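Summary of the model geometry
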2 protein chains.
Amino acid sequence: MSRKNYAVVGLGSIGFGVAQSLLRAGLNPVGCNRSERSRKAFEALGGRTSADVAEFAAQTDVLILCVVNAEQVEQVLFGNHGAAAELKRGSLVISCVTVKPAFSESVGDRLESMGILYLDAPVSGGPAQSAAGQLSIMASGSEEAFAAAETALSAMASSVRRLGDRPGRGSAMKVVNQLLAGAHIAVAAEAMALGLRMGLQAEDIYAVITSAAANSWMFETRMKHVVSGDYTPLSTVDIFVKDLGIVTQTSLEQSMPVPLASAALQRFVEAHAAGYGKEADAAIIKTVPGIGLPEQKSGR
Amino acid sequence: MSRKNYAVVGLGSIGFGVAQSLLRAGLNPVGCNRSERSRKAFEALGGRTSADVAEFAAQTDVLILCVVNAEQVEQVLFGNHGAAAELKRGSLVISCVTVKPAFSESVGDRLESMGILYLDAPVSGGPAQSAAGQLSIMASGSEEAFAAAETALSAMASSVRRLGDRPGRGSAMKVVNQLLAGAHIAVAAEAMALGLRMGLQAEDIYAVITSAAANSWMFETRMKHVVSGDYTPLSTVDIFVKDLGIVTQTSLEQSMPVPLASAALQRFVEAHAAGYGKEADAAIIKTVPGIGLPEQKSGR
């Protein structure tokens, strides 16, 4: 089966870059988003768009899902006027969405029963990597699904780790990844807060830790916000409320205690409750009283 | 005052390398340790040794402490036949020991009242960095103490971060460092355990995480033990029972909650209680039941 028609559902922080990468690769995808603003932005790059997945699903060979959460995956595929009922037998759905492994397995089972291929393919990387076609993808699915996905994955990603032939493994790896990512941010904020409380300077802490064995990629990128006092988000507090929620729910289903991830989740929930949900995730440090956080320099 | 006579007390994982580095720099230090085995090893390199600090303290200009904990610092300096009573006015004590900031301040105060200079100078780095004279040092103390320490620090360290003129600041930074280091190991073990429970392969988890934003230096170095099944220690579980103990005690004194560091400490205590205290710190993962840890390949 030759695959000519591509679509990307969800033109958000990952999906927009995915659609861009497919466009650059000559795959001429339809970019689908309810928001007119996102559609206009993709049209400005020369992309085709649609507000409604049902409008183009019957003509689509490869449907890439970059929506926000499991509820949206459910809605797009199996909801009222959902795509699954329109997709041809032998077409492929690639899901880049962070969801519970059990949910991804269930999506795979339902699509398989309709004769549709499915690749469980969560991503690591942000908007910049996505726009550059440099995502890291952790994927699982049948040989047939991998083969059908090859052209799209080449356009989107700089690395694809194959994690077996069953949907769910890709999402399981994403759970491991998000456990570490979220807990590292919470640990970074906790360490920075204790250092400030003891009277150390944020710049000194940043300089010492980033050149020591105590460093993490998250400390290095996130604690810049604290040093500068600028919490303009690249990734928000609310993303980790969601993703650490998935981590802890999954851990319960696996009967596996995750005390550090659970403590980390509470820090993000606390920051959300305090009104910092849409700020950079490093803003969890703002809920700690009496530490004299650096303020943003004016005039920048 | 010209400083000619150097001594290193404690020829352990850090102290032996410090003594070696001073020897290489032509400072001809006395290496002091109760264990004959450590003394013989330093003598084999051409070093002078002693079993008793009181024997050489009166002739020492710069005394470097590399003992295990605060109790030993107290004993060596102020105990029966302690060094402080023997040291000349104007001599210098450099402490590389991980202790509570308040303890380090108290040592500084007591030495100052005896006319002895003091540099609070905890280190980051292991035996290899120490032997190569490549430690990272986080130091605080008077200008006079820094000036007196310069020759020794140049021999021991590749970087010295100056954190102000009051003892305690160096130790405060070390607390921040150890909070991150210990919590990162606990998070790494937690994430690896959840991944194994979900049926992922240890090698896959290691490969994906170490090339992703979820990586930390500790994940990268410590999870090698889990992948290989070899828990031969470079740094042990018991070191973090001690150091995260210092972190949590300090946080209480600062009225500053550290939920992630506290949860991490419990994992190390649990592993100690289960008999893994002298194994590599990654052995905290062994207390998690039912995850099918990789076993060490035989014949290596």
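Preceding this section is the structure that the text describes.
Presented here is a report on the structure given in the accompanying data block. (Residues numbered from 1 in each chain as written. Chains lettered and ligands numbered in written order. Predicted model: local features only at pLDDT ≥ 70, side-chain atom pairs only at ≥ 80, totals over all residues. Heavy atoms only, no water.)

Looking only at helices and strands, chain A has 11 helices and nine strands in total. Here chain A has a C-alpha radius of gyration of 20 Å; the compact-globule value for 300 residues is 19 Å, and the two agree. Here the C-alpha coordinates of chain A stretch approximately 65 × 50 × 35 Å along the principal axes. Counted over contacts in chain A with a minimum sequence separation of 6, partners at least 24 positions apart contribute 65%. (Helix = DSSP H or I, 4+ residues; strand = E, 2+ residues; numbered from the N terminus. Rg over C-alpha atoms; globule rule 2.2 N^0.38 Å. Contact = heavy atoms within 4.5 Å.)

To continue, consider helix H2 (residues 36-44) of chain B. Residue and element names in this part refer to chain B. Here H2 has its buried residues at Ser-38, Arg-39 and Phe-42. Projected onto a plane normal to the axis of H2, the buried residues spread over an arc of 100° and lie on a single side. The exposed residues of H2 that point more than 90 degrees off its buried face are Arg-37 and Ala-44. The elements touched by buried residues of H2 are helix H1 (15-24), strand E2 (30-32) and strand E3 (48-50). (Buried < 20%, exposed > 50% of the residue type's maximum accessible area, 1.4 Å probe, protein only. Arc of directions from axis to C-beta.)

We now examine the interface of chain B and chain A. Contact with chain B, which involves 58 residues of that partner, is made by 57 residues of chain A. Summing both partners gives a buried area of about 4,900 Å² for chain B against chain A, and 73% of it is carried by carbon and sulfur. For chain B, the biggest contributors to the area lost against chain A are B:Glu190, B:Met198 and B:Leu260; these three give 14% of the whole. Along the contact surface separating chain B from chain A lie two salt bridges. Note that A:Asp204 is salt-bridged to B:Arg161, the shortest N-O span being 2.9 Å. Listed by contribution, the elements that provide at least two residues to the side of chain B that touches chain A are helix H7 (169-197), helix H8 (202-210), helix H9 (217-228), helix H10 (237-253) and helix H11 (259-276) of chain B. The element contributing the most residues to the side of chain B that touches chain A is H7(B), with 20 residues. Its residues assigned to classes, the side of chain B that touches chain A comprises 40 nonpolar, 11 polar and seven charged. (Buried area = accessible area lost by both parts, 1.4 Å probe. Salt bridge = Lys/Arg side-chain N within 4 Å of Asp/Glu carboxyl O. Nonpolar A, V, L, I, M, F, W, Y, C, P; charged D, E, K, R; others polar.)

All names here are of chain A. As summarised here, the arrangement of the three strands in space is E7-E8-E9, forming an open sheet in which the pairing is mixed. Strand pairing shows two members of the sheet lacking a second neighbour, strand E7 (123-124) and strand E9 (157-162), which therefore form its edges. Where strand E8 (residues 135-139) and E9 come together, five bridges link them in parallel fashion. Opposite Ala-139, over in E9, you have Arg-162 as the bridge partner. Running at roughly 125° to E8, helix H7 (residues 169-197) makes contact with E7 and E8 of the sheet. (Pairing = 2+ DSSP bridges. Axes fitted to C-alpha atoms, helices over the stretch in contact; angles between N-to-C directions.)

Let us look at the nonpolar core. Of all hydrophobic cores here, the largest spans 111 residues; its most connected members are A:Met192, A:Phe219, A:Met223, B:Met192, B:Phe219 and B:Met223. Filtering out sequence-adjacent residues up to four positions away, A:Met223 remains in contact with A:Ala188, A:Ala189, A:Met192, A:Tyr206, A:Met218 and A:Ala282. Within the second largest apolar cluster, 33 residues are counted, among which are A:Tyr6, A:Ile14, A:Phe146 and A:Met156. (Core = buried A, V, L, I, M, F, W, Y, C linked by side-chain atoms within 4.5 Å.)

What follows deals with the relation of the copies chain B and chain A. Between the two copies, chain B and chain A, the superposition gives an RMSD of 0.0 Å; the rotation angle is 180° and the shift along the axis is 0.0 Å. Such a combination of turn and shift is consistent with a two-fold rotation axis. Using C-alpha coordinates, one finds that chain B approaches the rotation axis most closely at B:Ser216, a distance of 2.0 Å. (Least-squares fit on C-alpha atoms with pLDDT ≥ 70 in both.)

What follows concerns the packing of H1(B) against helix H6 (residues 143-156) of chain B. All names here are of chain B. Viewed as axis vectors pointing N to C, H1 and H6 meet at an angle of 110°, and their least axial separation amounts to 8 Å. Taken as axis vectors, H1 and H6 run roughly perpendicular relative to one another. Contacts between H1 and H6 involve Val-18, Ser-21 and Leu-22 on the former and, on the latter, Ala-152, Ala-155 and Met-156. In terms of residue class, the contact of H1 with H6 is built from five nonpolar, one polar and no charged. (Parallel < 35°, antiparallel > 145°, perpendicular 65-115°, else oblique.)

All names here are of chain B. Pairing within the open sheet is mixed, and its three strands lie in the order E7-E8-E9. Strands with a single pairing partner mark the edges of an open sheet, and in this sheet they are strand E7 (123-124) and strand E9 (157-162). The sheet contacts of H6 involve strand E8 (135-139) and E9, and relative to E9 the element is tilted by about 160°.

With that settled, the discussion passes to the pattern of salt bridges. Residues and elements named next belong to chain B. Taken as a whole and assessed by the stated rule, the structure comprises 24 salt bridges over all chains. Of the charged contacts in the structure, one is a salt bridge between Asp-61 and Lys-88, with a shortest N-O distance of 2.7 Å. With Asp-61 in the loop between E3 and strand E4 (62-65) and Lys-88 in the loop between helix H3 (70-78) and strand E5 (92-95), this residue pair connects regions lying 27 residues apart in the sequence. Overall, the relative accessible area of 3% leaves Asp-61 in the buried class. What makes Lys-88 partly exposed here is its relative accessible area of 33%.

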